[in-house]
Amino acid sequence: MSRTTSGKQRWAVLALAASALAFAPSALAARGDQTGFGFNAGEISGFPTGAVSLTGGGAYNPKNGFVHSAGGFRCTETVEQGPLAGCLEGQGVRWDTAELLAETKFKCTGQESEAAKTAVTGENTAVLESDFYRAGDGNDESFTAQLIVSQDDLAPEIEGLQNVWIQGVGCGSAIVHFSR
């Protein structure tokens, strides 16, 4: 099997998993005031170094702080700053959520000239404190960072759609589905 075929198969499996996760939150969200979400982001970047692919989903309730979400991630370029510093190209397996945050300040590029923005957890936006795991680290998180997933553009002043963010890495465009 060629390396290209292997890579295509890996992304096909990730896409299939993301599709399954997109439907699962809808069933969870039907149980009351929970909001379900699923997403697939091919590239999150913008800070001086690094890029990450991220997929996943879950359910949350901003009224009582409930959150259960997880997915897969991979550093597609080495990250040398922020909470994911030291994640080398090709590393990364999964992530899960430690806490639902009410809000966070963020920047897509990390440049001093970029104004800080605020994301608030709501019906179409989840602000999460999440643990990221590399292969070989077992159940011990390799990194802890904030992330934002939104149905809306987080940074309309930046060209293109920016609806996902990882602390210290930047923003990106994702296929996103929220349901209530």
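This is a predicted model, so every value here is computed, not measured.

Draft legend 1. Representation of the confidence of the model for the protein chain within the structure. Per-residue pLDDT for the protein chain has a mean of 87; in total, 82% of the residues score no lower than 70. Here residues 1-5 is a poorly scored stretch, pLDDT under 50, and it has two contacts once near neighbours within four places are set aside; other chains count. Taken as a whole, residues 8-30 scores under 50 in pLDDT and shows 26 contacts with residues more than four places along the chain or in a different chain.

Draft legend 2. Structural detail: the side chain of Gln-81. Checked against the element boundaries, Gln-81 lands in the loop between strand 3 (66-77) and strand 4 (94-100). Overall, Gln-81 belongs to the buried group, its relative accessible area being 17%. A distance of 2.9 Å separates a polar atom in the side chain of Gln-81 from the backbone oxygen of Gly-168.

Draft legend 3. Inspection of the sheet that holds strand 7 (residues 125-133) at higher detail. Strand order around the closed barrel formed by eight strands is 1-2-3-4-7-8-9-10, with antiparallel pairing between neighbours. Geometrically, the sheet is characterised by an average inter-axis angle of 30 degrees between neighbouring strands, direction not taken into account.

Draft legend 4. Molecular detail of the pairing of strand 1 (residues 35-46). Note that strand 1 and strand 2 (residues 51-61) share eight bridges and pair antiparallel. Within the sheet, the bridge partner assigned to Ala-41 lies in strand 2 and is Leu-54. The antiparallel pairing of strand 1 with strand 2 creates a hairpin that spans four residues between the two strands, and Gly-50 there sits at a positive phi of about 95 degrees. Looking at chain direction, strand 1 and strand 10 (residues 170-179) are connected through nine bridges and run antiparallel. Across the sheet, the residue bridging to Ser-45 is Cys-171, located in strand 10.

Draft legend 5. Up close: the nonpolar core. The biggest cluster of nonpolar side chains holds 28 residues, and the ones touching the most others in it are Leu-54, Phe-73, Leu-84 and Phe-132. Elements represented by at least two residues in this core include exactly strand 1, strand 2, strand 3, strand 4, strand 7, strand 8 (143-150), strand 9 (164-166) and strand 10. Among residues more than four places away in sequence, those in contact with Phe-73 are Val-52, Ser-53, Leu-54, Leu-84, Cys-87, Gln-91, Gly-92, Val-93, Arg-94, Trp-95, Phe-132 and Tyr-133. Phe-106, Ala-119, Ala-155 and Cys-171 belong to the second largest nonpolar core, which has 10 residues in total.

Draft legend 6. The packing of aromatic side chains, seen in detail. Within this structure, the stated rule accounts for seven aromatic pairs. On the basis of an interplanar angle of 85 degrees and a centroid distance of 6.4 Å, the ring pair of Tyr-60 and Phe-178 is categorised as edge-to-face. Taken together, the positions of Tyr-60 in strand 2 and Phe-178 in strand 10 put the pair 118 residues apart, joining distant regions of the chain. Of the two residues, Tyr-60 and Phe-178, both sit in the buried class. Ring plane angle 85 degrees and centroid distance 5.1 Å describe the contact between Phe-73 and Phe-132, whose orientation is recorded as edge-to-face. A residue pair is termed long-range when its members are at least 10 positions apart, and Phe-73 in strand 3 and Phe-132 in strand 7 qualify at 59 residues. You'll find Phe-73 and Phe-132 in the same group, each marked buried. Among the aromatic side chains, those forming a connected cluster through ring pairs are Phe-37, Phe-39, Tyr-60, Trp-95 and Phe-178. In this arrangement the basic side chain of Lys-117 is found over the ring face of Phe-106, its NZ or CZ atom lying 5.7 Å from the centre.

Draft legend 7. Structural detail: the state of the cysteines. Tallied over the entire structure, the rule returns two disulfides. Between the sulfur atoms of Cys-75 and its disulfide mate Cys-87 the distance is 2.0 Å. The sign of the 115 degrees torsion about the S-S bond sets the Cys-75-Cys-87 disulfide as right-handed. Here the residue Cys-75 occupies a position in strand 3, and Cys-87 occupies one in the loop between strand 3 and strand 4, the gap between them amounting to 12 residues. Judged on exposure class, the residue Cys-75 and its partner Cys-87 are both buried. The disulfide that involves Cys-108 links it to Cys-171, with 2.0 Å between the sulfurs. On the sign convention where negative means left-handed, the S-S torsion of about -75 degrees between Cys-108 and Cys-171 marks this disulfide as left-handed. Here Cys-171 lies in strand 10 and Cys-108 lies in the loop between strand 5 (103-106) and strand 6 (117-120), a separation of 63 residues in the sequence. Assessed through its relative accessible area of 5%, Cys-171 is described here as buried. Numbered in order of appearance, the disulfide-bonded cysteines of the protein chain are paired 1-2, 3-4.

What counts as what
- Residues numbered from 1 in each chain as written.
- Predicted model: local features only at pLDDT ≥ 70, side-chain atom pairs only at ≥ 80, totals over all residues.
- Heavy atoms only, no water.
- pLDDT = per-residue confidence, 0-100.
- Contact = heavy atoms within 4.5 Å.
- Helix = DSSP H or I, 4+ residues; strand = E, 2+ residues; numbered from the N terminus.
- Buried < 20%, exposed > 50% of the residue type's maximum accessible area, 1.4 Å probe, protein only.
- Polar contact = N/O pair within 3.5 Å; in protein donor to acceptor, adjacent residues only side chain to side chain.
- Pairing = 2+ DSSP bridges.
- Axes fitted to C-alpha atoms, helices over the stretch in contact; angles between N-to-C directions.
- Core = buried A, V, L, I, M, F, W, Y, C linked by side-chain atoms within 4.5 Å.
- Phe/Tyr/Trp six-rings, centres within 6.5 Å; stacked < 30°, edge-to-face > 60°.
- Lys NZ or Arg CZ within 6 Å of the ring centre and 35° of its normal.
- Disulfide = S-S within 2.5 Å.

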